[in-house]
Amino acid sequence: MSESTRVHGSIFFLLKKFIDRSLPKGSWEKLNESAGNGSMQFDITSNYDISHINNFLQAAAELTGSTSGELMEKFGEELVPDLMSIYSSYLKPEWKTYDVLLYTESVMHGTVRRLNSTANPPVLNVTKTGDDVLMIDYFSKRRMSALALGIIRGIAKFYNESDKINIIPLSDPNDERVQIRVEFGLK
Ligand code: HEM
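Starting from 1, residues in each chain are numbered consecutively following that chain's sequence as written. In view of the model being predicted, local features appear only for residues whose pLDDT reaches at least 70, and side-chain atom pairs are presented and counted only at 80 or more, with totals across whole chains, interfaces and linings using the full set of residues. To get the side-chain values, take all heavy atoms of the structure and skip hydrogens and water.

> Just checking my understanding: could you explain the overall build of the protein for this structure?
Where helices and strands are cited, they refer to DSSP runs of H or I of at least four residues and of E of at least two residues respectively, numbered from the N terminus. Assigned secondary structure in the protein consists of six helices and six strands. Traced from its N-terminal end to its C-terminal end, the protein shows the element sequence β-α-α-β-α-α-α-β-β-α-β-β. Each of the three principal axes of the protein carries a C-alpha extent, and together these read 50 × 35 × 30 Å. Out of the 187 residues belonging to the protein, those deemed buried represent 47%. Throughout, a residue-residue contact means that at least one pair of heavy atoms, one from each residue, lies within 4.5 Å. Contacts spanning at least 24 positions in sequence make up 60% of the contacts within the protein whose residues lie at least 6 apart. Three exposure classes are used, based on accessible area relative to the maximum for each residue type with a 1.4 Å probe and protein chains only: buried under 20%, partly exposed in between, and exposed over 50%.

The structure is reproduced here in structure tokens:
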């Protein structure tokens, strides 16, 4: 299977945390069974094909009545506090949502790639298109832009700026390349 469709074990670990928090005990095991993942043990020093996440979310969607896109987005939102804490030493104290998004590629994802040979975060080209607007150009064969939307929402929540920003996806969320416009209306 292609390396570019593999997802780092830490994301599976965080997905388990999200499911353990949101659904009744035992759901993680049951959903992995129905997804055809068996009793998969995810190791955070390894990576696994995206199909395990897609099949898992499909099974969770059938159970919960939410779509797998909605679940992926919610997961993205909720994994932010953990991501921010794991990589806190790379975040500047004065940064807020705008800065974290602006520097995600050069600082955060760059650091992840440098420190962790089994992780391969997506390329995010972030450009300022005005004083209060960032354009995020997501590109990944894993087609996880719903996670990106959730992470952006989660970062805004983390900095108590949810009511200040407007997140507008400009492409089909299932595409490999998705542009996301983030407006900082009340900044
Ligand atoms: C504190 C900042 C961030 C950190 C530390 C971080 C870290 C990571 C890590 C460790 C992965 C797993 C890589 C792999 O599976 O090999 C990942 C994946 C991902 N990140 Fe980030 N990230 C950050 C911010 C962001 C932001 C702001 C976005 C979106 C705008 C984003 C979008 C994604 C997506 C969608 C994936 C899933 C893999 C894919 O789509 O190809 N991340 N990130």
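Once the structure has been displayed, the description carries forward.
> Sorry, what's going on with the domain arrangement of the protein here?
Many analyses report the size of an interface as the accessible area lost when the parts associate. Delimitation of the domains relies on an automatic or database domain assignment. The domain boundaries assigned to the protein delineate domain 1 (3-72) and domain 2 (74-183). Centre-to-centre, using C-alpha coordinates, domain 1 lies 21 Å away from domain 2. With 21 residues of domain 1 in contact, the opposing surface of domain 2 contributes 15 residues. Summed over both partners, the accessible area (1.4 Å probe) lost when two parts come together is defined as the buried area. Summed over both sides, the interface between domain 1 and domain 2 buries roughly 1,600 Å², with carbon and sulfur atoms accounting for 63% of that surface. Counting the surface domain 1 buries against domain 2, the share from its top three residues, His-8, Leu-14 and Met-72, is 35%.

> Would you mind going over the sheet that holds strand β6 (residues 177-183) with me for this structure?
Strand pairing in a sheet relies on backbone hydrogen bonds, with the paired strands running either antiparallel or parallel. Strands sit in the order β3-β4-β6-β5 across an open sheet of four strands; the sheet is antiparallel. Whereas interior strands pair on both sides, the edge strands pair on one side only; in this sheet they are β3 (123-130) and β5 (166-169). For this sheet, the mean angle separating the axes of adjacent strands, direction not counted, is 20°. Along the sheet, helix α5 (residues 97-115) makes contact with β3, β4 (133-139) and β6, crossing β3 at roughly 160°. Against the sheet, helix α6 (residues 145-158) engages β4, β5 and β6, with an angle of about 15° to β6. Only strands that DSSP links by at least two bridges are regarded as paired with each other. An axis is simply a line fitted to the C-alpha atoms; with a helix, the fit covers only the stretch in contact. Between two such axes, the angle follows the N-to-C directions and lies from 0 to 180 degrees.

> For this particular structure, what's the right way to read the packing of aromatic side chains?
To describe a pair of aromatic rings, you give the distance between the ring centres and the angle between the ring planes. For Phe, Tyr and Trp, where Trp contributes only its six-membered ring, two rings pair if their centres lie within 6.5 Å, and the inter-plane angle classes them as stacked under 30 degrees, edge-to-face over 60, or tilted in between. Counting across every chain of the model gives nine aromatic pairs. Measuring from centroid to centroid gives 5.6 Å for Phe-18 and Phe-75, while their planes differ by 35°, and the two rings are tilted. With Phe-18 in helix α1 (residues 9-22) and Phe-75 in helix α4 (residues 68-86), this pair connects stretches of sequence that are 57 residues apart. With a centroid separation of 4.9 Å and 45° between ring planes, the pair formed by Trp-28 and Phe-56 is classed as tilted. Within this pair, whereas Trp-28 is found in helix α2 (residues 27-34), its partner Phe-56 is found in helix α3 (residues 50-64), the two being separated by 28 residues in sequence. Classification of Trp-28 as buried rests on a relative accessible area of 6%. Exposure remark for Phe-56: the relative accessible area of 1% places this residue in the buried category. Among the aromatic side chains, those forming a connected cluster through ring pairs are Phe-12, Trp-28, Phe-42, Tyr-48 and Phe-56.

> Whenever I open this one, the coordination of the iron atom of the ligand confuses me. Can you help?
For a metal with four donors in a tetrahedral arrangement, the ideal angle between donors is 109.5 degrees, while six donors in an octahedron ideally sit at 90 or 180 degrees. Protein coordination of the iron atom of the ligand is limited to a single donor, His-109 (NE2), which sits 2.1 Å from the metal. One can find His-109 in helix α5. For Na, K and Ca the donor cutoff is 3.2 Å, while for all other metals N, O and S atoms must lie within 2.8 Å; water is not among the atoms, so some sites may look incomplete.

> When you look at the site of the ligand in this model, what are you seeing that I'm missing?
A single heavy atom is enough: if one lies within 4 Å of a molecule or strand, its residue is considered near that molecule or strand. Near the ligand, the surroundings consist of 25 residues, among which His-8, His-109, Asn-120, Tyr-138 and Ser-140 are the closest. Polar contact is the term for a pair of N or O atoms within 3.5 Å; when the atoms are in protein, one must be able to donate a hydrogen and the other to accept it, and sequence-neighboring residues count only if both atoms are side-chain atoms. Contact distances for the ligand include 2.6 Å between an oxygen atom and a backbone N or O atom of His-8. Two kinds of site are reported from a 1 Å grid over the protein atoms alone, namely cavities, where a 1.4 Å probe fits but cannot get out, and pockets, open sets with protein on both sides within 12 Å along at least five of seven lines, and residues are called lining when an atom falls within 4 Å of a point. To qualify as sitting in a cavity or pocket, a molecule needs more than half of its atoms within 2 Å of the grid points. Its atoms largely coinciding with the cavity grid, the ligand occupies the largest pocket. At the level of secondary structure, the elements contributing two or more residues to the shell around the ligand comprise β1 (6-8), α4, α5 and α6. A class-by-class count of the residues in the shell around the ligand yields 19 nonpolar, five polar and one charged. Residues from two domains meet in the shell around the ligand; each of domain 1 (3-72) and domain 2 (74-183) gives at least three. Classes in brief: Ala, Val, Leu, Ile, Met, Phe, Trp, Tyr, Cys and Pro nonpolar; Asp, Glu, Lys and Arg charged; the others, Gly included, polar.

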